[in-house]
There are 2 protein chains.
Amino acid sequence: MSPEHNPARHDRESVARTALALLDEVGLADLSMRRIAGRLDVQPSALYWHFSSKQELLADLADRITAIIHGTGAGVLTTARSIRDALFAHRDGAELVLSTYALRLGASPAQSALARALENEGATDVEQRAVAILHFILGHATLVQQRMHADSHGALLGGDENDVTAGLDRVFDLGVTALTGAISAAATPPRDRA
Amino acid sequence: MSPEHNPARHDRESVARTALALLDEVGLADLSMRRIAGRLDVQPSALYWHFSSKQELLADLADRITAIIHGTGAGVLTTARSIRDALFAHRDGAELVLSTYALRLGASPAQSALARALENEGATDVEQRAVAILHFILGHATLVQQRMHADSHGALLGGDENDVTAGLDRVFDLGVTALTGAISAAATPPRDRA
DNA sequence: ACCTGAACACCGTTCAAGT
DNA sequence: ACCTGAACACCGTTCAAGT
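Cut-offs applied
Residues numbered from 1 in each chain as written. Chains lettered and ligands numbered in written order. Predicted model: local features only at pLDDT ≥ 70, side-chain atom pairs only at ≥ 80, totals over all residues. Heavy atoms only, no water. Helix = DSSP H or I, 4+ residues; strand = E, 2+ residues; numbered from the N terminus. Expected span 1.5 Å × (residues − 1). Buried < 20%, exposed > 50% of the residue type's maximum accessible area, 1.4 Å probe, protein only. Near = heavy atom within 4 Å. Polar contact = N/O pair within 3.5 Å; in protein donor to acceptor, adjacent residues only side chain to side chain. Nonpolar A, V, L, I, M, F, W, Y, C, P; charged D, E, K, R; others polar. Least-squares fit on C-alpha atoms with pLDDT ≥ 70 in both. Contact = heavy atoms within 4.5 Å. UniProt positions renumbered as here; feature names shortened; annotations may be inferred. Buried area = accessible area lost by both parts, 1.4 Å probe. Salt bridge = Lys/Arg side-chain N within 4 Å of Asp/Glu carboxyl O. Axes fitted to C-alpha atoms, helices over the stretch in contact; angles between N-to-C directions. Parallel < 35°, antiparallel > 145°, perpendicular 65-115°, else oblique. Left-handed = near helix turned anticlockwise from the far one by under 90°.

The name recorded for chain A in an unreviewed UniProt entry is TetR family transcriptional regulator, from Microbacterium luteolum.

Student: Which parts of the structure should I look at to understand helix α8 (residues 126-152) of chain B?
Tutor: Helical periodicity: at 3.6 residues per turn, an α-helix aligns residues three or four positions apart in one direction. Taking 1.5 Å per residue, 27 residues should reach 39 Å; α8(B) reaches 38 Å between its end C-alpha atoms and fits that length. Extensive coverage of α8(B) is indicated by the burial of 21 of its 27 residues.

Student: Where do I start with the protein's contact with DNA strand C in this structure?
Tutor: Near DNA strand C, the surroundings consist of 16 residues, among which A:Arg34, A:Tyr48, B:His10, B:Gln43 and B:His50 are the closest. Considering DNA strand C, the proportion of its atoms within 4 Å of the protein that are sugar or phosphate atoms stands at 55%. Take A:Tyr48: an N or O atom from its side chain is 2.7 Å from a phosphate oxygen of DNA strand C. When residues of the surface near DNA strand C are traced back to their parent elements, those giving at least two are α2 (33-39) of chain A together with α3 (47-50) of chain B. Looking at the surface near DNA strand C, its residues break down into six nonpolar, seven polar and three charged.

Student: Explanation requested: the protein's contact with DNA strand D in the structure shown.
Tutor: Around DNA strand D, 16 residues are found, and the nearest of them are A:His10, A:Gln43, A:Ser45, A:His50 and B:Arg34. When the atoms of DNA strand D within 4 Å of the protein are grouped by moiety, sugar and phosphate amount to 55% of the total. B:Ser32 is positioned with one of its side-chain polar atoms (N or O) 3.0 Å from a phosphate oxygen of DNA strand D. Residue B:Arg34 places a side-chain N or O atom 2.5 Å away from a base nitrogen belonging to DNA strand D. Put simply, the parts of the chain that give the surface near DNA strand D at least two residues each are α3 (47-50) of chain A together with α2 (33-39) of chain B. For the surface near DNA strand D, the per-class residue count stands at six nonpolar, seven polar and three charged.

Student: Even after reading the chapter, I still don't get the relation of the copies chain B and chain A, so can you show me in this structure?
Tutor: Relating the two copies of this chain is a rotation about some axis coupled with a shift parallel to it. Of the two same-sequence chains, chain B is brought onto chain A (RMSD 0.0 Å, axial shift 0.0 Å) by a rotation of 180°. Such a combination of turn and shift is consistent with a two-fold rotation axis. When the interface residues of chain B are mapped onto chain A, 100% of them are again interface residues, pointing to one common binding face.

Student: What is the right way to read the UniProt feature "domain: HTH tetR-type" (unreviewed entry) in chain A from this model?
Tutor: Here, the residues flagged by UniProt with the feature "domain: HTH tetR-type" (unreviewed entry) are residues 9-69 of chain A. End C-alpha to end C-alpha, residues 9-69 of chain A measures 31 Å, and it is 64% helix and 0% strand.

Student: Honestly, the interface of chain B and chain A in this entry has me stumped. Any pointers?
Tutor: Quite often, the size of an interface is put as the accessible area lost when its parts meet. Taken together, the 36 residues of chain B in the interface contact 36 residues of chain A. Surface buried jointly by chain B and chain A totals about 3,000 Å² across both partners, of which 74% is contributed by carbon and sulfur atoms. The largest contributions to the chain B side of the interface with chain A come from B:Leu105, B:His135 and B:Leu143, which together make up 21% of the buried area. Scanning the region where chain B abuts chain A turns up zero salt bridges. At the surface where chain B touches chain A, the tally comes to four residue pairs in polar contact (both at pLDDT 80 or more). Per element, the largest residue contribution to the side of chain B that touches chain A is 14 residues, and it comes from α8(B).

Student: Hey, could you run me through the packing of helix α5 (residues 76-88) of chain A against helix α7 (residues 109-120) of chain A in this one?
Tutor: Between two packed helices, both the angle of their axes relative to each other and the distance between the axes serve to describe the pair. Residue and element names in this part refer to chain A. Across the interface, α5 lies against α7 with an axial gap of 9 Å and an inter-helix angle of 165°. By the angle between their axes, α5 is roughly antiparallel relative to α7. As for the relative orientation of α5 and α7, their crossing is right-handed in sense. Every residue of α7 that contacts α5 at Val76, Thr79, Ala80 and Ile83 is listed here: Ala110, Ala113, Leu114, Ala117 and Leu118.

Student: What's the story with the packing of helix α8 (residues 126-152) of chain A against α8(B) in this structure? I'm lost.
Tutor: In contact at an axis separation of 7 Å, α8(A) and α8(B) are set at 105° when each is read in the N-to-C sense. As summarised for this structure, α8(A) and α8(B) are arranged roughly perpendicular, according to the angle between their axes. When α8(A) is examined against α8(B), the residues A:Ala132, A:His135, A:Phe136, A:Leu138, A:Gly139, A:His140 and A:Leu143 are found in contact with a partner set consisting of B:Ala132, B:His135, B:Phe136, B:Leu138, B:Gly139, B:His140 and B:Leu143. Residue composition of the contact of α8(A) with α8(B), by class: eight nonpolar, six polar and no charged.

Here it is, written out as structure tokens:
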């Protein structure tokens, strides 16, 4: 009988962390406020002390997912891959970030990192290309991630059987490289990587 | 008192058409089976005679939205714009198609039209570029359309005020052109269009 | 062939009240 | 500062039964 032993007492951080863990378990479609509350041993209404709406909670999760993106002096392709992999790191991460990013006007760490990388490589139209690459990454990653989930859960509806997602890595690299544009030939020399 | 005058008798077609009209009025988030049923003067359960699930109904709507895409001998940029505009033609059209298209493995009319246009222009890696351009269009259109809706409904959260969506048309053209790749110079000569 | 009526197992959100 | 309890206005889906 210590002075306080009421077990369920949370803050913004613990709610968000629990929600993110639950997202990986059940997916975005089944991530309800009531389920999150249940996992925290709390009534659903308790969540509204920490977040004013579900949308605000989801936006917070999207920020956490994209917070990993580091603007090191890496190349455009490496930066693009790290953004994609940050989205892939959580179930339905791409869809979550896509559906939340319309409100973030150019202020995302992803877009800044891409713009810096483009500048390092001597690209033209840096800002516009950064936006284009970000839109490509979000569209591509959302489709690929949805397909991955559909594949693992059984029913396919389309044609060929086995390696449907095989060429998608090449599509990603081709897309990012094309959107980067002609390199000014004075920038970082291309290193072949098998 | 004609022999039949029971007013509510529908088929797949009339249900889908009503649902598509309702989508334009209320948006994807508020497009519920119960609301569609209400518009048809029918109980919600009646919809399940025509469609086995809401997901199947939404997939049908996505097909209708993209059915407009015509594989005429137009250029890649023109084809890409017509796909984008087909998505823009209905409220939340891009989001709907994006969330439904992961299951259509390369069988979409949009992808076929892009592949034909790329071939006409003498591009390399036709299939991969068609997929990349389609992913770019879907990501871009989804983000732009969400922003358009958010702008019209008031609250912005980001920086500058007025022409935030101004450069996005240029981003689209730059993106599609870059993804098309270097033209083989023997194909259709570029016509300047003001 | 197409629909009703009733039920089941859920949702997000608000708000007074508790501690 | 953080949570409960109860309510409000909704969801998608199933299924026996009607016509």
